[in-house]
Each structure stands twice: as structure tokens, then as C-alpha cells.
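For reference, the chains in residue letters:
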Amino acid sequence: MFTAKNFVSPDTIEEAYKLNQKRSNKIVGGMLWLKMSSQNYDTIIDLSKLGLDKIEENEDCFEIGAYVTLRDIETHTQLNNCFNNALRDAVKSIVGVQFRNCATVGGSIFGRYGFSDVLSVFLSLDSTVVLYKAGEIPLEEFIKMPFDNDILMKIKVAKNGRKCFYQSVRNTKTDFPVLTCASSVLNGKIRLVFGARPSKAMKVEYDFDLSSNSNSLELLAQKIAKNAKKDIKVSSNMRGSKEYRTHLAGVLSKRAVLETGGAK
């Protein structure tokens with residue numbers, strides 16, 4: 001368990017940012033991952049007074065505050081109706097309801113965790129992060145950036161008609177995933193995002209030219225599955241071998257194509 005000398009809840013984001021520049025200070029969210037560490041901090045910084053716990057729907061996007069919990073996105077009707085319940089499906093196997101009532105979206109995204117279902121599903125959508133100093137940055141670019149002392153304020157997800165699907169493989173229901181696969185289709189392209197490789201999520205895209213012939217859909221699914229097995233870089237850890245994850249990449253890719261193509 002970590003320890004800290006002081007606990008502060010700033011009234012403004014600028015105050016929080018200044019506090020966060022000191023290396024011995026730390027911003028906290030749900031603290032469910034942080035509590036597993038044994039570090040000592042001077043001051044932990046709580047952002048609960050800054051209104052970052054809301055999901056707002058605009059004409060062209062959803063804006064999801066960094067302090068929104070996983071349970072909030074699991075149960076948000078408009079958000080899930082817009083994205084075919086992909087966000088709900090991405091978080092529903094993360095431990096339990098009590099855990100999801102505490103864990104925050106911001107903590108999951110800012111941490112860039114390799115095992116993160118949350119990172120996988122948001123990367124499959126057209127998502128950007130809004131940082132206090134750096135401004136709005138595409139999520140795909142953000143996850144490649146080094147960690148710094150900026151503050152993640154919210155995630156914006158475009159409402160552009162993407163058809164989405166989420167799936168994962170777990171050894172037990174509430175364990176970390178062996179492999180995740182978030183998929184979405186827009187403008188003749190299918191986007192596949194694989195997480196828990198066990199590295200952080202990786203995105204690939206393929207042509208998705210469908211005809212009304214279900215046989216051609218089956219052939220397309222097989223082709224994309226074959227390509228995904230070659231293109232996705234995986235390795236081994238205690239939850240699965242490289243060979244097993246490669247096999248799963250093909251299986252999940254095929255399911256994603258058939259699901260988003262309308263096959264039953």
C-alpha cells in the first residue's frame with residue numbers, strides 16, 4: 001500500500017497542475033491500481049472538485065470526464081446505444097460492480113496499461129484525449145507519448161456512425177484478459193484493436209468491401225483473420241503463450257468481421 005503525507009483537493013485545474021509538477025506528488029483517481037504499490041508520496045492530489053465526473057453528449061461527439069467511473073460508461077444508455085454496447089461489453093468483466101464503481105476512465109487511459117480493456121475499446125473508436133496543457137491529441141498518438149506531469153481532463157469520442165463490436169478471452173471471468181479485440185467499421189475499412197498482447201493495444205485496418213453474398217463475407221473474414229495473425233505482434237506471459245495469442249487473433253478477427261458484417 002502506498003503512503004502519503006498530505007491529501008489535497010484543488011479548487012481549480014491550474015492549482016492541480018502546479019501541484020502535480022513536483023515529482024513526489026501524485027494525482028489519484030479510483031486508486032485501485034495505485035494502492036497495490038508501495039511508494040511514498042508527499043502529496044496525493046484529488047480532482048473530485050473539478051467537475052470531471054460527467055458524460056456529456058454533443059452533436060458530434062461524447063465527452064467523457066477523466067473521473068467518470070467504468071460503471072458509469074457501462075450503464076450510460078445513450079453512449080452504449082451509439083456504439084452498439086461495445087463500451088459496456090469492454091468493462092463488464094473487469095472484476096465486479098464494486099470495483100467498476102471506483103475505477104476511473106482517466107486512470108485507465110492515462111496509465112496506458114497493456115491489459116486494459118478500456119484502452120482497447122476507445123482506440124477502436126475515433127477518440128481523442130484532452131490534456132490541460134497539451135490540448136486535444138488523438139488517442140493513438142497519446143499512447144505512444146512518454147509519461148509526463150500534464151493532466152488528462154477528458155476523452156472525446158466522435159459520433160460518426162462506426163459499427164462496433166468488443167470481445168475478449170479470459171482464463172477466468174474476472175481475470176485480466178489473455179487477449180482483447182475491439183473492432184469497428186466505417187467507410188469501407190474495418191479497424192481491429194488487440195490489447196493484452198500482453199503489451200498495450202495495437203491497431204490494424206483492412207478493406208471491408210462487402211457484397212450481399214454471405215459466402216463472400218465468410219471468405220473476407222478468413223482473409224482478414226489470416227492477415228491479422230501475421231500483423232499483430234504478440235508474446236508470452238503467465239496467462240498465455242505467443243502461439244496461443246496468435247491463434248486467438250485469428251479467431252477473434254474472424255468473429256469481428258462476421259459480427260460487423262451482419263452474419264449471425
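Further up the page is the structure itself.
Presented here is a report on the structure given in the accompanying data block. Counting restarts for each chain: residues are numbered from 1 in the order of the written sequence. Only residues with pLDDT of at least 70 are given local features in this predicted model, and only at 80 or more are side-chain atom pairs given and counted; all residues enter the totals for whole chains, interfaces and linings. Only hydrogens and water are set aside; all other atoms, that is, all heavy atoms of the structure, feed into the side-chain values.

**A few points about the overall build of the protein chain**
A run of H or I in DSSP becomes a helix once it reaches four residues, and a run of E becomes a strand once it reaches two; helices and strands are each numbered from the N terminus. From N to C terminus, the protein chain includes ten helices and twelve strands. In this treatment the radius of gyration is a C-alpha quantity, and the globule benchmark scales as 2.2 Å times the residue count to the 0.38 power. For the protein chain, whose C-alpha radius of gyration is 19 Å, the value lies close to the compact-globule estimate of 18 Å for 264 residues. Dimensions of the protein chain, computed from C-alpha atoms along their principal axes, come out at roughly 65 × 45 × 30 Å. For the protein chain, the proportion of its 264 residues judged to be buried stands at 48%. The contact criterion used throughout is that any non-hydrogen atoms of two residues lie within 4.5 Å. For the protein chain, the share of sequence-separated contacts (at least 6 apart) that also reach a separation of at least 24 residues comes to 60%. Computed with a 1.4 Å probe, the accessible areas rest on the Shrake-Rupley method; for each residue, only the protein chains presented here act as cover. For the protein chain, the computed accessible surface area is about 12,800 Å², with 49% contributed by carbon and sulfur atoms. Only protein chains enter the accessibility calculation, which uses a 1.4 Å probe; a residue whose area is less than 20% of its type maximum is buried, one above 50% is exposed, and one in between is partly exposed.

**A word on the sheet that holds strand S5 (residues 61-65)**
When DSSP finds at least two bridges between two strands, those strands are taken to pair. Strand order in the open sheet formed by five strands is S4-S5-S8-S6-S7, with antiparallel pairing between adjacent strands. Edge positions in the sheet fall to strand S4 (55-57) and strand S7 (135-138), since each of these pairs with one other strand and no more. Adjacent strand axes in the sheet meet at a mean angle of 25°, parallel and antiparallel pairs treated alike. In this structure, S5 lies alongside strand S8 (residues 152-158), joined through five bridges in antiparallel fashion. Across the sheet, the residue bridging to Cys 61 is Ala 158, located in S8. All axes here are fitted lines through C-alpha atoms, helices being fitted over the stretch that makes contact, and every angle between N-to-C directions spans 0 to 180 degrees.

**A few points about the pattern of salt bridges**
Salt bridges, as used here, are contacts in which a Lys or Arg side-chain nitrogen is within 4 Å of a carboxyl oxygen on Asp or Glu. Tallied over the full model, the rule gives 20 salt bridges. The partner of Glu 74 in a salt bridge is Arg 71, with the nearest N and O atoms 3.1 Å apart. In this pair, Glu 74 and Arg 71 are both assigned in helix H2 (residues 70-75), three residues apart and thus about one turn of the helix distant. Assessed through its relative accessible area of 12%, Glu 74 is described here as buried. When the shortest N-O distance is used, the salt bridge between Glu 205 and Arg 191 registers 2.9 Å. Here the residue Glu 205 occupies a position in strand S12 (residues 202-207), and Arg 191 occupies one in strand S11 (residues 189-195), the gap between them amounting to 14 residues. Classification of Arg 191 as buried rests on a relative accessible area of 7%. Among the charged side chains, a network of salt bridges with common partners joins Asp 126, Arg 162, Arg 191 and Glu 205.

**Let's talk about the sheet that holds strand S3 (residues 40-46)**
Strand order across the open sheet formed by three strands is S1-S3-S2, with parallel pairing between neighbours. Where the open sheet ends on each side, the last strands, each with one partner, are strand S1 (3-8) and strand S2 (25-28). For this sheet, the mean angle separating the axes of adjacent strands, direction not counted, is 35°. Sheet contacts for helix H1 (residues 13-20): S1, S2 and S3; angle to S2, the most-contacted strand, approximately 135°.

**Describing the pairing of S8**
Sheet analysis places strand S6 (residues 127-131) next to S8, joined by five bridges and oriented antiparallel. Across the sheet, residue Leu 131 finds its bridge partner in S8, namely Leu 152.

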